[in-house]
Structures are given as C-alpha cells and as structure tokens.
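Here is how the chains run, residue by residue.
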Amino acid sequence: MAELIIPRSTEIMAAVIFALAVIHTFSTAYFEHLARIQPAHAGLWHLLGEVEAVFGFWAMVLLVFMAFQLGSNTSMHYLESRNFTEPAFVFVIMVIAASRPIIDFAGALLVGISRVLPLPAPTAYYLTVLSLGPLLGSFITEPAAMTLSALLLRERFVNKNAPNAFKYATLGVLFVNVSIGGVLTPFAAPPVLMVAGTWGWDMAFMLTHFGWKAAIAVFINAAVVTFLFRDYLKGVKTMSDALARLDVPAWVVAVHLVFLTGVVVFNHHPIVFAAFFLFFLGFTEAYHKYQSRLLIREGLMVAFFLAGLVVLGGLQKWWLQPALEGMSPAVLYWGATALTAITDNAALTYLGSLVEGVTDEYKYALVAGAVTGGGLTVIANAPNPAGFAILKGSFDDGAINPVGLFTAAFGPTLVAAAAFMLLPG
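Rules of the game
Residues numbered from 1 in each chain as written. Predicted model: local features only at pLDDT ≥ 70, side-chain atom pairs only at ≥ 80, totals over all residues. Heavy atoms only, no water. Helix = DSSP H or I, 4+ residues; strand = E, 2+ residues; numbered from the N terminus. Rg over C-alpha atoms; globule rule 2.2 N^0.38 Å. Contact = heavy atoms within 4.5 Å. Areas by Shrake-Rupley, 256 points an atom, 1.4 Å probe, with all protein chains shown as cover. Lys, Arg positive; Asp, Glu negative; His and termini not counted. Charge placed at Lys NZ, Arg CZ, Asp CG, Glu CD. Phe/Tyr/Trp six-rings, centres within 6.5 Å; stacked < 30°, edge-to-face > 60°. Buried < 20%, exposed > 50% of the residue type's maximum accessible area, 1.4 Å probe, protein only. Expected span 1.5 Å × (residues − 1). Axes fitted to C-alpha atoms, helices over the stretch in contact; angles between N-to-C directions. Parallel < 35°, antiparallel > 145°, perpendicular 65-115°, else oblique. Nonpolar A, V, L, I, M, F, W, Y, C, P; charged D, E, K, R; others polar. Core = buried A, V, L, I, M, F, W, Y, C linked by side-chain atoms within 4.5 Å. Salt bridge = Lys/Arg side-chain N within 4 Å of Asp/Glu carboxyl O. Patch = residues over 30% accessible without salt bridge, like charges linked within 9 Å, V, L, I, M, F, W, Y side chains within 5 Å. Arc of directions from axis to C-beta.

(A) A look at the overall build of the chain. A count of helical and extended segments in the chain gives 23 helices and zero strands. For 425 residues, the compact-globule estimate of 2.2 N^0.38 gives 22 Å, and the chain sits close to it at 21 Å. Considered along the principal axes of its C-alpha atoms, the chain spans approximately 65 × 55 × 45 Å. At a minimum sequence separation of 6, the contacts of the chain that also span at least 24 residues come to 81%. Here the chain displays about 17,500 Å² of accessible surface, and carbon together with sulfur accounts for 68% of that area. In the chain, 20 side chains carry a positive charge and 23 a negative one; their mean positions are 10 Å apart.

(B) Here's a closer look at the packing of aromatic side chains. Throughout the structure, instances matching the rule amount to 28 aromatic pairs. Plain terms: the ring middles of Tyr168 and Phe395 are 4.9 Å apart, the flat faces sit at 70 degrees to each other, and that makes the pair edge-to-face. Linking Tyr168 in helix α11 (residues 164–181) with Phe395 in the loop between α22 (384–391) and α23 (402–422), this pair joins segments that are 227 residues apart in sequence. With relative accessibility at 2%, the residue Phe395 sits in the buried group. Arranged with centres 6.2 Å apart and planes meeting at 55 degrees, the rings of Phe259 and Phe283 form a pair that is tilted. With Phe259 in helix α15 (residues 250–265) and Phe283 in helix α16 (residues 270–286), the pair connects residues that are 24 residues apart, well separated along the chain. Ring pairs connect the aromatic residues Phe91, Trp251, Phe259, Phe277, Phe280, Phe283 and Tyr287, which therefore count as one cluster.

(C) Structural detail: helix α7 (residues 100–114). In a regular helix each residue adds 1.5 Å, so 15 residues correspond to 21 Å; α7 covers 21 Å between its end C-alpha atoms and thus fits that length. Looking at α7, one finds that the buried residues are Pro101, Ile102, Ile103, Ala106, Gly107, Ala108, Leu110, Val111 and Ser114. Check the buried side of α7 and you find it contacts α6 (85–97), α8 (121–135), α10 (142–156) and α15.

(D) View of the environment of Thr198. The residue Thr198 is located in helix α12 (residues 190–199) in this model. When the C-alpha positions of Thr198 and Ser353 are compared, they lie 7.5 Å apart, and in sequence the two are 155 residues distant.

(E) Examining the packing of α7 against α15 more closely. Two numbers describe how α7 lies on α15: the axes approach to 9 Å, and their chain directions differ by 100 degrees. With respect to α15, the element α7 is oriented roughly perpendicular. For the pair formed by α7 and α15, the contact residues are Pro101, Ile102 and Phe105 on the first element and Val252, Val253, His256, Leu257 and Leu260 on the second. When grouped by side-chain class, the residues that make up the contact of α7 with α15 number seven nonpolar, one polar and no charged.

(F) Focus on the environment of Val51. Within the secondary structure layout, Val51 lies in helix α4 (residues 51–70). Each C-alpha atom, one on Val51 and one on Ala399, is 8.7 Å from the other, the two residues being 348 residues apart in sequence.

(G) Spatial organisation of the nonpolar core. Counting 93 residues, the largest nonpolar core has Phe55, Phe157, Leu174 and Leu312 as its most contacted members. Here this core takes nine residues from α6, the largest share from any one element. Ignoring anything within four residues of it in the chain, the contact list for Leu312 reads Ile17, Phe18, Ala21, Phe55, Trp58, Ala59 and Leu62. Core analysis: the second largest hydrophobic core is formed by 41 residues, Val355, Tyr364, Ala370 and Leu376 among them.

(H) The pattern of salt bridges, seen in detail. Across all of its chains, the model carries six salt bridges by this definition. Across the salt bridge formed by Arg8 and Glu11, the nearest N and O atoms sit 2.7 Å from each other. Here the residue Arg8 and the residue Glu11 both occupy positions in helix α1 (residues 8–25), the gap between them amounting to three residues, near one helical turn. The salt bridge involving Arg293 is made with Glu298; its shortest N-O contact spans 2.8 Å. Residue class for Glu298 comes out buried when judged on its relative accessible area of 15%. It is possible to trace a salt-bridge network through shared partners that takes in Glu50, Arg297 and Lys392.

(I) Focus on a nonpolar patch on the surface. Together, Trp212, Ile216, Ile220, Val224, Phe227 and Leu228 line one region of the surface with nonpolar side chains, adding up to about 550 Å² of accessible area. Looking at the secondary structure, you find Leu228 in helix α13 (residues 203–228). Accessibility expressed as a relative area gives 57% for Leu228, which makes it exposed.

(J) Representation of helix α2 (residues 28–37) within the structure. Every buried residue of α2 is listed here: Thr28, Phe31, Glu32, Leu34 and Ala35. For α2, the arc enclosing every buried residue in end-on projection is 155 degrees, short of the 170-degree limit, so these residues lie on one face. Packed against the buried residues of α2 are α1, α3 (42–48) and α4.

None of this, on its own, says anything about what the molecule does.
Following this line, the structure appears as structure tokens:
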C-alpha cells in the first residue's frame, strides 16, 4: 500500500476538530440538561450527551471532511491505516471482566482481604477496592481492573443516594489509581505497552523504577479518601457474610478466569482474543443461569470512544511530537501530565517513543508524566471510559461533570507526582 501523505491544511483541520471534540467532552452535562428541558429532541441531546459517543462522532466529521477535501479513497486509506487493536481489546476484556463469575470471585477475594484490616467492615472493603483493585491492573490489565473496581464500587458505595462529594472523590481516586496502578509490569498499562518493547523495559525495570512508587501513591490516595469520608462509610449497610461466599460453582469461575487470562496473554493478537471472546459468549449462553447481563452495549460504546480517539489522534503528530522534543526531562514530565488530560496517554508515549537519541531521564519523565495525568479527564487513559460508563448512572442526570472529575482527581494526581518525582530510583 502506497504511503499516505496528508496535506498540512488537513492536519490543521484535524487539530481543530480534535479541539472541538475535547470541548464537547467537557460539555456533555449541558446536553443532558437540554434533553430534560427539550423532550421533543431528547434523543438527539442524549446522543450528544454520551461521552462515549463524542470522539466517534467527531471522527466521523473528520473522515467526511477528508473525503470531500482529499477524496473518498484517501479517507478510506487513512481509516484502514489505523490500528484498532486497543479498542477491540478493551471491549472484550470489559465484557469478560464484568461477567458475574469474575465479579463475584473478585468481590469475595477483596472482602476476605479487607477483613484482615482493623477497620469497620464497609470502610475496610472500600479501602481495599480502591487500592488493591487498581493494582490488579498490573496483572489483569488496566481495563479489566477498572471494570472490576467500578462495578464493585457501584454495587456497594457509589449510588444515587450517596453524597456528590463522596462520589466525585471516589471517581477521582479510582481513575488516578488505575492509571498509575498498572505500571508494576510492562504489559498491562497502555502507555507502558507502547514503549516497553522499543526501550527494553522488562518486569524488573518496571518494578524498580515505577512499580513501588506507584503502589505507595495508590495506597496513600485510597487511605486519604477513606479517612475523609470515614463518617459516611460507617453508615453504609454492614456487609453480609454472603458477600464473602461464591454462589457460582468454582469450575464456572475457573473457566471464566481461563477466558480472561487468554485474552490478556494475547492482547496484541486481535484474531486470537476475538476467538476467545466468541467461545466465551458460547459458554455464557450454555450456562446462562450462572450469568448476569453482559455489558455488551457499554463495552461497544467504550470501544467506539477509543476508536474515535485513534482516528483523531493519528493526525495530531505534527504538533505533538515537536512539542515533546523541545522539553527538558523536568518540563517534559509536567508537560506530559498536562497533555495527557487532553489526549490519550498511550498515544502520547507512542509519539514520544518515535523521538530518536533520547536519554533515560527523558523516557522516565515521559511515561511517568503520562500515567500521572491519566485520571484528570475521561479521555486521558484508555480504561477511563469503561469506569465512566459503569458509574455515570449513579450521578445526577446520569452524567459526570468533567470539571468535577478534574477537581476530584487533582489532589490524587499531585500525590502520584510526588511519588514519581521525589522518591529515588
């Protein structure tokens, strides 16, 4: 296939459309408000108010623009040159991780661990989910950890009756902790995956340079939000002993874990993990009585969001890479943290990895900054839309205010920054 050459005028328009998509992301609560006051067009406003639909919608606008300016063949060529493995993987892992046997198993495991803590049962469980849940992302991948943690939090704590301050604080800590909690290994966090092979980062490197620092920040963030809302958590209904027991046969749980493991192991091979997923769907249908509703719609919407980000992000290299090249390591760290808030952190690290002859300090600053800022917005980290989709129904008008999320995530982000910048190694 011939090399695709995009005119600078098209790249500039792509940057404008990308900026409009970011603004739209911060305006979804307004569209949900319009849906309530203008019921005649509620369907349209609800569509525009779906955060998961924003980047897919604006990706369509970009492709239509390219078709008119450059021709349909060029537009199609560009679309087919994009790599949609990550959106497909996030969809598959989200559906499997959110299945009843996996959720019941994870819930029972975390309940058992929480009972070791010298705290009231609901408080200990909340602390465990917000700390160990995100750290699981280093092994079962961040999208799976986000899905599990968000579902467990929704089941016990984040509901419409909970105080808004508590819901936003929980969401902010969850997003930040998942973003930094996946860096104990080189294969689980999307921004690390993009550079680990190129830069030769293995398990030992990730643990010694990133992992232990991230773990400290994760526990501090979880402990602080637990302490701040300790009075509210004491009033949460005491957990039943049934939560620590599985009502799904162990062999069914084992089969689901095999499917989950297979998808994780072959996360770079869409044909293979798609085959695992099809077998998974067949198994859930065959043993329907042990299943709850699969999150097919939610998973598809999240994949649509990420696919739109892939399409729009592919034409941002012209301004993003020169900006990264001209930064010192210290400036790069904070620059990457800020840029992550308006673009996917995996795309950011990928573009940074294309810069040749960089120092080890540059590499560390880029990745550390990218994961530090991964909780500030819904678009900052690939798993965020999954958590957003699961938890948004618990918020007013079924929408999460982007400013509220940014504000809630700002403090935990500073804790992560302190860990990565001040701790040695």
